[in-house]
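# Architecture and fold: a report
Residue strings, one per chain:
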Amino acid sequence: SCCLPELIRIFNYLRALFHQDPDDTIFRLTTFQAFKLWALDAFDLWRTPKAAESDAYSAHIKNAILCISNHYGNSSLSVEQIAEAAGISSGRLSVLFKKELGKTPVEYLTEYRMKMAIRLLLHSNYKIYEIANQVGYHSAQYFSQIFLQHTGQKPLDYRKSTLTTIVIGEKP
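## Some thoughts on the pattern of salt bridges
- As enumerated under the stated definition, the model contains one salt bridge in all.
- The residue glutamate 111 makes a salt bridge to lysine 103 at a minimum N-O spacing of 2.6 Å.

## Let's talk about the side chain of serine 124
- Along the chain, the position of serine 124 falls in the loop between helix H6 (105-123) and helix H7 (128-134).
- Separated by 3.3 Å, the side chain of serine 124 and the backbone nitrogen of tyrosine 126 make a polar contact.
- Excluding residues that lie within four positions of it along the chain, serine 124 makes contacts with Ile131 and Arg159.

## Some words on the confidence of the model for the protein chain
- Confidence along the protein chain averages 77 in pLDDT terms, with 62% of residues attaining 70 or more.
- Across residues 19-31, confidence stays below pLDDT 50; counting only partners more than four residues off in sequence or on other chains, it has 42 contacts.
- Counting contacts from residues 165-172, a segment whose pLDDT is below 50, to residues more than four positions away or on other chains yields 23 contacts.

## Describing the packing of helix H3 (residues 59-71) against H6
- Packing of H3 against H6 brings their axes to within 10 Å, and their N-to-C directions diverge by 40°. Accordingly, the angle class assigned to the pair H3 and H6 is oblique. In the crossing of H3 with H6, the sense of the turn from one axis to the other is right-handed. Seen from H3, the contacting residues are Ile65, Ile68 and Ser69; seen from H6, they are Pro105, Tyr108, Leu109 and Tyr112.
- Along the lines of polarity and charge, the residues of the contact of H3 with H6 split into six nonpolar, one polar and no charged.

Rules used throughout
Residues numbered from 1 in each chain as written. Predicted model: local features only at pLDDT ≥ 70, side-chain atom pairs only at ≥ 80, totals over all residues. Heavy atoms only, no water. Salt bridge = Lys/Arg side-chain N within 4 Å of Asp/Glu carboxyl O. Helix = DSSP H or I, 4+ residues; strand = E, 2+ residues; numbered from the N terminus. Polar contact = N/O pair within 3.5 Å; in protein donor to acceptor, adjacent residues only side chain to side chain. Contact = heavy atoms within 4.5 Å. pLDDT = per-residue confidence, 0-100. Axes fitted to C-alpha atoms, helices over the stretch in contact; angles between N-to-C directions. Parallel < 35°, antiparallel > 145°, perpendicular 65-115°, else oblique. Left-handed = near helix turned anticlockwise from the far one by under 90°. Nonpolar A, V, L, I, M, F, W, Y, C, P; charged D, E, K, R; others polar.

In structure tokens, the structure reads:
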């Protein structure tokens, strides 16, 4: 009961966000898994700028993360460009990434692109080739291969398996 007013406020906010008629008690969202992903995305969006400001990372890594989050859609984004934005050599950037994040800059960039692709798959009607282009891949086929490696599913299969509709409440 302590959280009910907050949940109602969030529910009403979502209705307004998705232009749902307040008198229409049918509120369409995706499956619980997709709603959970949406909530995690919202948290991630809130947390990502915080991660770039976190004391857990060196200034160079913060700058590199910021560069990736601002330029991941650029298909020609390279480790050298990220390193330049971070103010260090590409070799030093790779060492710091491995030390502080446990992965290479390329692995981080790919994971970030896949996270953004998932967001677009779940929250837009873009075609796969459009999503591929938006997250930094010229080839939809190559994007699909990387996506399959990352998630275990092809992009379209991922979208179809996740985006089934649930109904919350019904009109009498």
